[in-house]
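# Descriptive analysis of the structure
So the chains spell out like this:
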Amino acid sequence: MSNPTYEFTRAITRRPSASIVDGLRAEDIGTPDLDKMLSAHADYVAALKSTGAKVIELNAIEAHPDAVFVEDTTLCLPQGAIMMRPGAPSRMGEVAEMLPTIRACYDEVREIKGPGHVEGGDILVTGHEILVGRSDRTDAKGVAELAEIAAEWGHQLREVFTPPGVLHFKTDCSLMDAETILSTKRLDASGCFDGYRVLHVAEGEEAAANAIRFNNLVLMASGFPRTAEMLDKAGYQVVEISNSECAKLDGGMSCLSLRL
Ligand code: CIR
């Protein structure tokens, strides 16, 4: 794979629904406020659009409280899209909801049929490989099925570690450019990024690690000034977006879009 993995012409997002108050969370740190989440979501979509990309904005789905976290439903690759099979039973139905939009965007659409599970939040596509972290949501059978499809499309897939207690692999890391990863120290310590240039989020700012590089911008959660300054000094154009409400549901910047 030689194409840069941060240049996109389109993104897909879904509006948060009122049912977001029932979204999954590992720990109860407060009920998400829909108005605040809608406002932050609008800022997020505006930032994506500001790069010149087209954003396909899907309607809220009340029946699926976590449907705003579209990343977990699909893996978008240059050759086609792969529909995921979420490990959270309450999120399974989100995949069928996303399918028509994906079919309209891609000629080639494959699916993880099971019995294993994979969620998009556990997959990081870098400049030359696909890293997949096993987690409570992504299991060995799911990774094996994904690896078969990825191999048919000429991608190398490498299974990596997700720190215990962390929802998804990408909760703790993001791609900044084809060879550069933003990571927490705890994840980098596993050695999974050997060979890459790794930038560490500041101590105590671990929640800043889930960012996205989208064309000329890095979208990151606001409230992590030392990490923002480090990225700025490293030459990245950072846009800070409030993540206070999504954080209550263990969500971050990457979860809110599919990028293609
Ligand atoms: C969940 O637990 O599935 C949602 N509340 C959060 C999903 C976040 N998605 C992501 O990091 N890719």
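Residues numbered from 1 in each chain as written. Predicted model: local features only at pLDDT ≥ 70, side-chain atom pairs only at ≥ 80, totals over all residues. Heavy atoms only, no water.

As annotated in an unreviewed UniProt entry, the protein is Dimethylarginine dimethylaminohydrolase from Parasedimentitalea maritima. Turning to the protein, the UniProt annotation filed under Sequence similarities (unreviewed entry) states: "Belongs to the DDAH family." (UniProt positions renumbered as here; feature names shortened; annotations may be inferred.)

Mapped onto the elements of the fold, Ala 140 is located in helix α3 (residues 140-152). Residue classification places Ala 140 among the partly exposed positions, given a relative accessible area of 37%. Separated by 19 residues in sequence, Ala 140 and Glu 159 have C-alpha atoms that sit 9.1 Å apart. (Helix = DSSP H or I, 4+ residues; strand = E, 2+ residues; numbered from the N terminus. Buried < 20%, exposed > 50% of the residue type's maximum accessible area, 1.4 Å probe, protein only.)

The next thing to look at is the site of the ligand. Near the ligand there are 14 residues, and of these Asp 66, Asp 72, Arg 91, Arg 137 and Leu 249 occur at the shortest range. Note that an oxygen atom of the ligand is positioned 2.9 Å from one of the side-chain N or O atoms of Arg 137. For the shell around the ligand, the per-class residue count stands at 5 nonpolar, 3 polar and 6 charged. (Near = heavy atom within 4 Å. Polar contact = N/O pair within 3.5 Å; in protein donor to acceptor, adjacent residues only side chain to side chain. Nonpolar A, V, L, I, M, F, W, Y, C, P; charged D, E, K, R; others polar.)

The next point concerns helix α2 (residues 93-105). The axis of α2 is deflected most strongly, by about 40°, at Leu 99, and proline Pro 100 appears within four residues downstream. Every buried residue of α2 is accounted for by Glu 94, Val 95, Met 98, Thr 101, Ile 102 and Cys 105. Here the buried face of α2 lies against β1 (10-14), β2 (54-58), β3 (74-77), β4 (80-83), β5 (109-111) and β15 (258-259). (Bend = angle between axes of the 7 residues up to and from the residue. Contact = heavy atoms within 4.5 Å.)

Another aspect to go through is the nonpolar core. The biggest cluster of nonpolar side chains holds 36 residues, and the ones touching the most others in it are Tyr 44, Leu 48, Leu 219 and Leu 231. For this core, the secondary-structure elements that each account for two or more residues are α1 (34-50), β12 (212-214), β13 (217-221) and α5 (225-233). (Core = buried A, V, L, I, M, F, W, Y, C linked by side-chain atoms within 4.5 Å.)

Attention now goes to the sheet that holds β15. Overall, mixed pairing links the 3 strands, which are arranged β2-β1-β15 in an open sheet. Each end of this open sheet is capped by a strand with a single partner; those strands are β2 and β15. Here β1 pairs with β15 via 2 bridges, running antiparallel. Residue pairing for β15: Ala 11 is matched across the bridge by Arg 259. Helix-sheet contacts for α1 involve β1, β2 and β15, and the interaxial angle to β1 is about 170°. Of the strands in this sheet, β1, β2 and β15 touch α2, which is tilted by about 165° from β1. (Pairing = 2+ DSSP bridges. Axes fitted to C-alpha atoms, helices over the stretch in contact; angles between N-to-C directions.)

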